[in-house]
Amino acid sequence: MSTFTIPSVHGQQSLSVQCMPDLNKDDLLRFPAFQIWLSTLKQSLKRQQHPSHEFHKDPYVLRKIDIQAIDVFKGGRLGFVKLKADVSNGSGESLPGSVFLRGGSVGMLLLLQPDDVPPTAEDEKRAILTIQPRIPAGSLAFAEIPAGMLDDSGSFAGGAAKEIQEETGLTIPQGELIDMTSLALQSVAGTEDRESLQKAVYPSPGGSDEFIPLFLCEKRMPRNDIERLQGRLTGLRQDGEKITLKLVPLKELWKEGLRDGKTLASWALYKGLKEEGEI
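Predicted model only: the values in this text are computed from it and were never measured.

Student: Just checking my understanding: could you explain the overall build of the protein for this structure?
Tutor: A tally of helices and strands in the protein yields 7 helices and 14 strands. Taken along the three principal axes of its C-alpha coordinates, the protein extends 65 × 45 × 30 Å. Burial analysis of the protein (279 residues in total) assigns 41% to the buried set. Restricting the contact set of the protein to residue pairs at least 6 apart, pairs at least 24 apart contribute 59%. Accessible area of the protein: about 14900 Å², with a carbon and sulfur share of 51%. Side-chain charges in the protein split into 33 positive and 38 negative, and the spacing between the mean points of these groups amounts to 2 Å.

Structure (structure tokens):
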């Protein structure tokens, strides 16, 4: 194991980081997921300075970080990091600090509607699900909306458009994408008083930093073109993606994708924003 320090957090002179020899300080500090997680946590800890904060009298401090494991992707890019963060207050009370860092992803609710019906015909809309192996879930046929991890350079909208193309074969201009999570947050009163988290949903905040902005794209197409997508095999085979497309009626989406959190969240956001006239 090796130890180094990084810039101060909440008044500390330095923060101690312990990790295995095959991870150096520069690689860790360049890892986008680590940058975002540490910056977000710093901002939340700083909020304790305000007298109205619940923890103001005995604030919590990030005292040290123990990097326990890493996963390196093709090309030597740092992919996943498992760490333990020591966050405690002056009374010795600690907060759970086991963290699996993987960074941001994007999810897309892609709705297709035949162009021979009025745009208001909600019953004619079909949602695209991808059916593919998800080994962490123990599944070889997991149903979910198109989604994927962001690379180091992609914008959220650009990442969403790229994932749509890779997983469905459809080319969608970024300008046709609606960021439902950002749109919903704009309509929530009092967001200026909340923590500065990502404009996204967090599927497993008790153990992972993963955040997922959810986008909407509605596309009108010839009915025959829509029907030809049913059962199409897609995905980047060279990256191990084996995807089959499944089109389901929008009203059945919550049933067809009920095991997938981002699918249910996208369905709920669509319904809520639609009811409030935001989309």
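Student: Sorry if this is basic, but what is going on with the pattern of salt bridges here?
Tutor: Between side chains of opposite charge, a pair can form as their charged atoms come close. Scanning the model with the defined rule gives 13 salt bridges in all. Across the pair Lys-125 and Glu-122 runs a salt bridge whose closest N-O atoms are separated by 2.6 Å. Residue Lys-125 is classed as buried on the basis of its relative accessible area, which comes to 3%. The salt bridge partner of Glu-122 is Lys-274, with a shortest N-O separation of 3.6 Å. In this pair, Glu-122 sits in the loop between strand 7 (105-114) and strand 8 (126-134) while Lys-274 sits in helix 7 (residues 261-275), placing the two residues 152 residues apart along the sequence. Residue classification places Glu-122 among the partly exposed residues on the basis of a relative accessible area of 27%. Given a relative accessible area of 33%, Lys-274 falls into the partly exposed group. Ionic contacts of the salt-bridge type, sharing partners, join the residues Glu-122, Lys-125, Glu-218 and Lys-274 into one network.

Student: Would you mind showing me how to read the domain arrangement of the protein here?
Tutor: Often, the extent of an interface is quoted as the loss of accessible area on bringing the components together. Taken domain by domain, the protein consists of domain 1 (2-101) and domain 2 (105-276). Placing the centre of domain 1 and that of domain 2 at their C-alpha centroids yields a distance of 31 Å. With 15 residues of domain 1 in contact, the opposing surface of domain 2 contributes 16 residues. Counting across the interface, domain 1 meets domain 2 through 0 salt bridges. Across the domain 1-domain 2 interface, the total number found is 5 residue pairs in polar contact (both at pLDDT 80 or more). Contributing elements (two or more residues each) for the side of domain 1 that touches domain 2: helix 2 (32-46) and strand 6 (98-101). No other element matches helix 2, which puts 6 residues into the side of domain 1 that touches domain 2. Grouping the amino acids of the side of domain 1 that touches domain 2 by side-chain chemistry returns 8 nonpolar, 4 polar and 3 charged.

Student: For this particular structure, what's the right way to read the nonpolar core?
Tutor: Among soluble globular proteins, nonpolar side chains are generally buried collectively. Counting residues in each nonpolar core, the largest one holds 26 residues, and the members touching the most others are Phe-34, Trp-37, Leu-62, Ile-65, Ile-67, Leu-83 and Leu-101. Secondary-structure elements contributing two or more residues to this core are strand 1 (2-6), strand 2 (15-19), helix 2, strand 3 (61-72), strand 4 (78-88) and strand 6. It is helix 2 that provides the largest number of residues to this core, a total of 6 residues. If sequence neighbours within four positions are ignored, Trp-37 has contacts with Ile-65, Leu-83, Ala-85, Val-99 and Leu-101. Grouped together as the second largest cluster of nonpolar side chains are 20 residues, Met-108, Leu-110, Ala-160 and Met-221 included.

Student: I'm lost on the environment of Gly-76 in this one. Help?
Tutor: Considering the arrangement of structural elements, one finds Gly-76 in the loop between strand 3 and strand 4. C-alpha separation for the pair Gly-76 and Pro-205, spaced 129 residues apart in sequence, amounts to 27 Å.

Student: Please explain the environment of Glu-166 as it appears in this structure.
Tutor: Looking at the secondary structure, you find Glu-166 in helix 3 (residues 156-168). Between the alpha carbons of Glu-166 and Leu-273 there is a distance of 27 Å; along the sequence they are 107 residues apart.

Student: Is there a simple way to think about the packing of aromatic side chains in this case?
Tutor: The relative placement of two aromatic rings is captured by the distance of their centres and the angle of their planes. Under the criterion given, the structure shown has 6 aromatic pairs. Pairing Phe-55 with Tyr-60 gives two aromatic rings, centres 5.1 Å apart and planes at 75 degrees, and the pair type is edge-to-face. Judged by relative accessible area, which is 30%, Phe-55 ranks as partly exposed. For the ring pair Tyr-202 and Phe-211, a centre distance of 6.2 Å and an interplane angle of 45 degrees mean the geometry is tilted. Given a relative accessible area of 3%, Phe-211 falls into the buried group. Members of the aromatic cluster, each reached through a chain of ring pairs, are Phe-73, Phe-80 and Phe-100.

What counts and what doesn't
- Residues numbered from 1 in each chain as written.
- Predicted model: local features only at pLDDT ≥ 70, side-chain atom pairs only at ≥ 80, totals over all residues.
- Heavy atoms only, no water.
- Helix = DSSP H or I, 4+ residues; strand = E, 2+ residues; numbered from the N terminus.
- Buried < 20%, exposed > 50% of the residue type's maximum accessible area, 1.4 Å probe, protein only.
- Contact = heavy atoms within 4.5 Å.
- Areas by Shrake-Rupley, 256 points an atom, 1.4 Å probe, with all protein chains shown as cover.
- Lys, Arg positive; Asp, Glu negative; His and termini not counted.
- Charge placed at Lys NZ, Arg CZ, Asp CG, Glu CD.
- Salt bridge = Lys/Arg side-chain N within 4 Å of Asp/Glu carboxyl O.
- Domains from an automatic or database assignment.
- Polar contact = N/O pair within 3.5 Å; in protein donor to acceptor, adjacent residues only side chain to side chain.
- Nonpolar A, V, L, I, M, F, W, Y, C, P; charged D, E, K, R; others polar.
- Core = buried A, V, L, I, M, F, W, Y, C linked by side-chain atoms within 4.5 Å.
- Phe/Tyr/Trp six-rings, centres within 6.5 Å; stacked < 30°, edge-to-face > 60°.

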